[in-house]
Amino acid sequence: MCGIVGAVSERDVQGILLEGLRRLEYRGYDSAGMAVLGGNGEISRAREVGKVAALSEVLVQTPNHGTTGIAHTRWATHGQPSKLNAHPHMSGDRLAIVHNGIIENYQELRDQLRGDGFEFTSQTDTEVVAHLIERYFRTTGDLFKAVQQAISELRGAFALAVLHADEPDHVVVCREGSPLVIGVGIGENFIASDQLALLPVTDRFMFLEEGDMADIRTNSIKIWDRDNHPVERKVTRFEHSMDSADKGEYRHYMLKEIYEQPRVIQATMEGRVTSSKVLEQALGTDAGQLLESIRHVQIIACGTSYHAGMVARYWIEDLAGIPCSVEVASEFRYRKHVIQPDTLFLCISQSGETADTLAALRQAKKAGFRAALAICNVPGSSLVRESDLVIMTQAGPEIGVASTKAFTTQLTALLLFTIALARHNGLSEEREAELVTALRALPGQVEAALALDEAIAELSSAFMDKNHSLFLGRGALFPVALEGALKLKEISYIHAEAYPAGELKHGPLALVDSEMPVVTVAPNNDLLEKLKSNLEEVRARGGELFVFADGESDLASEPGVHVMQIPAVHPITAPIVYTIPLQLLSYHVAVLKGTDVDQPRNLAKSVTVE
Ligand code: G6P
């Protein structure tokens, strides 16, 4: 999705902006651009289709030097990816703007502005905002007032950063539905859509609230709320180590993030468990009271986070005996609901900025849920700020678009939550101690699963020339199969479908032949015998099987059946451990196919528009 970076400084900002854009690349984009106000009082702008590296090359030839600038990575919504549609957009040659989000009434405004004599050079909704602000600037002669008046006419979601050559040394920004953070420096200040972009220049951040506008200068940051009252926003320090945004010795961020899992799962448990108990207070000071009152759980999420929610449903109903529903946010937000009394609304999101998940949360807050709990990886994100209770995952920045460590830390947090909830619903001390022991064993077991890396790399060549694949699992391993299939399609572009193994005979079996590899996660649990019958059904149709199982599953390799053994694990934590080999499989298939592993085509890390 689109990314914004901006700087007001006493030094040259081109390098800061370029590095910021590089750090936003992981979000997914199709073009990049930058506008800088130079010492000559003129704005110079550069825009390129494709990677930030292409923009950087252009800037080597023709530098954009200056002390105030804004930059952008664009992910096309209105108008195709092209140089003309790339941001920053300008009105004349004095005003430049970058924008994240969508302006819903842009067509109507465009017609009006055309009538006023403004000429359009792009198909974007953003250019409309540029001209609208310029129109008000002509009457007010004040950039802040002009932005304020212009945004009162906008419908939709947006974060904007605007600079004007007639008002050097400051940038005006606002936030309405799209994230924007201010980076606080010394003798310089910055803005970005994601704090990660600014880590090389500061670790102190102010998060704008919905409806906030701000005037950013080298030595001052002034913020006004929606009602035009001056407000202070708290300065917070960035907690994750800066190294997390570095690929280090790894070829791809995704591989690095897969390998970080033992550590980040451990970090997600830290301070939240003793040797035999989950510390409920670690989930929030009032967590105990809330958990006691919960009779239902409604989980909402998108993408990989939705799969984490699906696993949690099995856990919540099994361990806490409380009914749990799971739905993708984009469906939930557009239908009527029957809300049972005392239902907890639980959002899961790596970024905390996914537009559909946030919209669902905002609806839920008006709809009569008991409370809203967020499981999230980004401190200070909208989801975190708008929820009643938060459990932070400790995955650190996840850069690869295909989510890996965020998923397994979400599962870890969800299991902690489930155990705490179950304690209020009859979970015995012995059972809790057994589950906590299983949780504490996870980092070591995930490490052991990672040791299969080389063997899985060899196996992956079998998928190279395939166009389709099928993933099977039963029980809580079915969502793991879904997640495995999602990973494969996201980064290798092989069509992958996941089915609960028992459904095989109701359709997908018709597709099975030697061209359709079938991947299965088969730990030794009470569904194993049933799963084995399903695997026989595949073998009988000539399907090639790739089975991840433990030593106790009693499955052996034979022609057409490849069994990879992973250590025996507790049935409750099996979904977390069995995720690892599927991540590695998709990674190696993608590497063999030569795709862009960290930034797969058409996808974005953080989907901040609907
Ligand atoms: C995008 C990402 C996925 C992610 C999903 C939900 O589609 O590419 O990796 O699972 O958004 O994102 P969230 O940040 O809400 O977990």
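Before reading on, note that the structure itself is shown above.
Since the structure is predicted, the reported quantities are computational estimates derived from the model, not experimental observations.

Cut-offs and rules
- Residues numbered from 1 in each chain as written.
- Predicted model: local features only at pLDDT ≥ 70, side-chain atom pairs only at ≥ 80, totals over all residues.
- Heavy atoms only, no water.
- Helix = DSSP H or I, 4+ residues; strand = E, 2+ residues; numbered from the N terminus.
- Rg over C-alpha atoms; globule rule 2.2 N^0.38 Å.
- Buried < 20%, exposed > 50% of the residue type's maximum accessible area, 1.4 Å probe, protein only.
- Contact = heavy atoms within 4.5 Å.
- Areas by Shrake-Rupley, 256 points an atom, 1.4 Å probe, with all protein chains shown as cover.
- Lys, Arg positive; Asp, Glu negative; His and termini not counted.
- Charge placed at Lys NZ, Arg CZ, Asp CG, Glu CD.
- Pairing = 2+ DSSP bridges.
- Axes fitted to C-alpha atoms, helices over the stretch in contact; angles between N-to-C directions.
- Parallel < 35°, antiparallel > 145°, perpendicular 65-115°, else oblique.
- Left-handed = near helix turned anticlockwise from the far one by under 90°.
- Nonpolar A, V, L, I, M, F, W, Y, C, P; charged D, E, K, R; others polar.
- Near = heavy atom within 4 Å.
- Polar contact = N/O pair within 3.5 Å; in protein donor to acceptor, adjacent residues only side chain to side chain.

A. Representation of the overall build of the chain within the structure. In terms of regular secondary structure, the chain is built from 19 helices and 25 strands. Against the compact-globule benchmark of 25 Å for 610 residues, the chain has a radius of gyration of 25 Å, which places it among compact chains. Projecting the C-alpha coordinates of the chain onto the three principal axes gives extents of approximately 75 × 55 × 45 Å. The buried share among the 610 residues of the chain stands at 61%. Across the chain, every contact between residues at least 6 apart in sequence was considered, and the portion connecting residues at least 24 apart equals 72%. Accessible surface, the chain: about 22800 Å² in total, of which carbon and sulfur atoms supply 48%. Distance between charge centroids for the chain: 2 Å, based on 56 positive and 80 negative side chains.

B. Summary view of the sheet that holds strand 12 (residues 213-217). With antiparallel pairing, seven strands are arranged side by side in an open sheet as 5-6-7-8-12-13-14. The open sheet is flanked by strand 5 (89-91) and strand 14 (230-231), the only strands paired with a single partner. Of the strand pairs in this sheet, strand 5 and strand 6 (residues 95-103) are connected by three bridges, and their pairing is antiparallel. From the neighbouring strand, Met90 faces strand 6, where its bridge partner is Ala96.

C. Quick look at the packing of helix 3 (residues 106-115) against helix 4 (residues 126-140). Packing of helix 3 against helix 4 leaves a shortest axis separation of 10 Å and a crossing angle of 50 degrees. What the angle tells us is that helix 3 and helix 4 run oblique. Of the two possible hands of crossing, helix 3 and helix 4 adopt the one that is left-handed. Taking contact as the criterion, the partners of Tyr106, Leu109, Arg110, Gln112 and Leu113 in helix 3 are, on helix 4, Val128, His131, Leu132 and Arg135. Looking at the contact of helix 3 with helix 4 residue by residue, the class counts come to five nonpolar, two polar and two charged.

D. Layout of the sheet that holds strand 22 (residues 495-500). On the basis of which strands lie adjacent, the open sheet formed by five strands has the order 22-21-23-24-25 and parallel pairing. At either margin of the open sheet sits one strand with a lone partner, and together these are strand 22 and strand 25 (561-565). Neighbour-to-neighbour, the strand axes of the sheet open up by a mean angle of 20 degrees, direction not taken into account. Bridge count for strand 21 (residues 468-473) against strand 22 is six bridges, and the pairing is parallel. From the neighbouring strand, Leu472 faces strand 22, where its bridge partner is Tyr499. Sheet strands touched by helix 17 (residues 477-492): strand 21, strand 22 and strand 23 (518-522). Its angle to strand 22, the strand with the most contacts, is close to 175 degrees. Here helix 18 (residues 528-540) sits on the sheet and contacts strand 21, strand 23, strand 24 (545-549) and strand 25; the angle it forms with strand 23, its principal contact strand, is near 165 degrees.

E. The arrangement of unusual backbone geometry in detail. For the bond running from His87 to Pro88, omega is -5 degrees, close enough to zero to count as cis. You can see Pro88 is positioned in the loop between strand 4 (68-74) and strand 5. Even without being a glycine, Asp169 presents a positive backbone phi close to 65 degrees. Examined against the element boundaries, Asp169 turns out to sit in the loop between strand 7 (156-164) and strand 8 (170-176). Of note in the backbone geometry, Tyr493 takes a positive phi value of approximately 65 degrees without being a glycine. Mapped onto the elements of the fold, Tyr493 is located in the loop between helix 17 and strand 22. A relative accessible area of 26% places Tyr493 in the partly exposed class.

F. Highlighting the site of the ligand. The environment of the ligand is formed by 13 residues, the closest being Ser305, Ser349, Gln350, Ser351 and Thr354. Side-chain polar atom of Ser305 to an oxygen atom of the ligand: 2.5 Å apart, as the coordinates give it. Here an oxygen atom of the ligand and a side-chain polar atom of Thr354 are 2.5 Å apart. Within the complex, 90% of the 390 Å² of free accessible area of the ligand lies under protein. Of all the elements, helix 9 (residues 303-320) adds the most residues to the shell around the ligand, at three residues. Residues of the shell around the ligand, tallied by class, amount to four nonpolar, eight polar and one charged.

G. The pairing of strand 4, seen in detail. Counting buried positions over the seven residues of strand 4 gives seven, a clear majority of the element. Side chains Thr68, Ile70, His72 and Arg74 of strand 4 all project onto a buried face; the interleaved residues Gly69, Ala71 and Thr73 project onto the opposite face, where all are buried too. Alignment of strand 1 (residues 3-8) against strand 4, held across six bridges, turns out to be antiparallel. Directly across from Val5, in strand 4, lies its bridge partner Ala71. As defined by bridge partners, strand 2 (residues 31-37) adjoins strand 4 across seven bridges and the pair is classed as antiparallel.

H. Local environment of the side chain of Ser31. For Ser31, the location among the structural elements is in strand 2. At 3.1 Å, the side chain of Ser31 and the side chain of Asp30 are in polar contact. Those residues within four positions of Ser31 in sequence are excluded, and the remaining contacts are Glu48, Val49, Gly50, His72, Thr73, Arg74 and Ala86.

I. Expanded view of the packing of helix 9 against helix 17. Close contact between helix 9 and helix 17 brings their axes to 8 Å; oriented N to C, the two are set at 170 degrees. Classified by the angle between their axes, helix 9 and helix 17 sit roughly antiparallel to one another. Contacts from Gly303, Thr304, His307, Met310, Val311 and Tyr314 in helix 9 reach Phe478, Pro479, Val480, Leu482, Glu483, Leu486 and Lys487 in helix 17.

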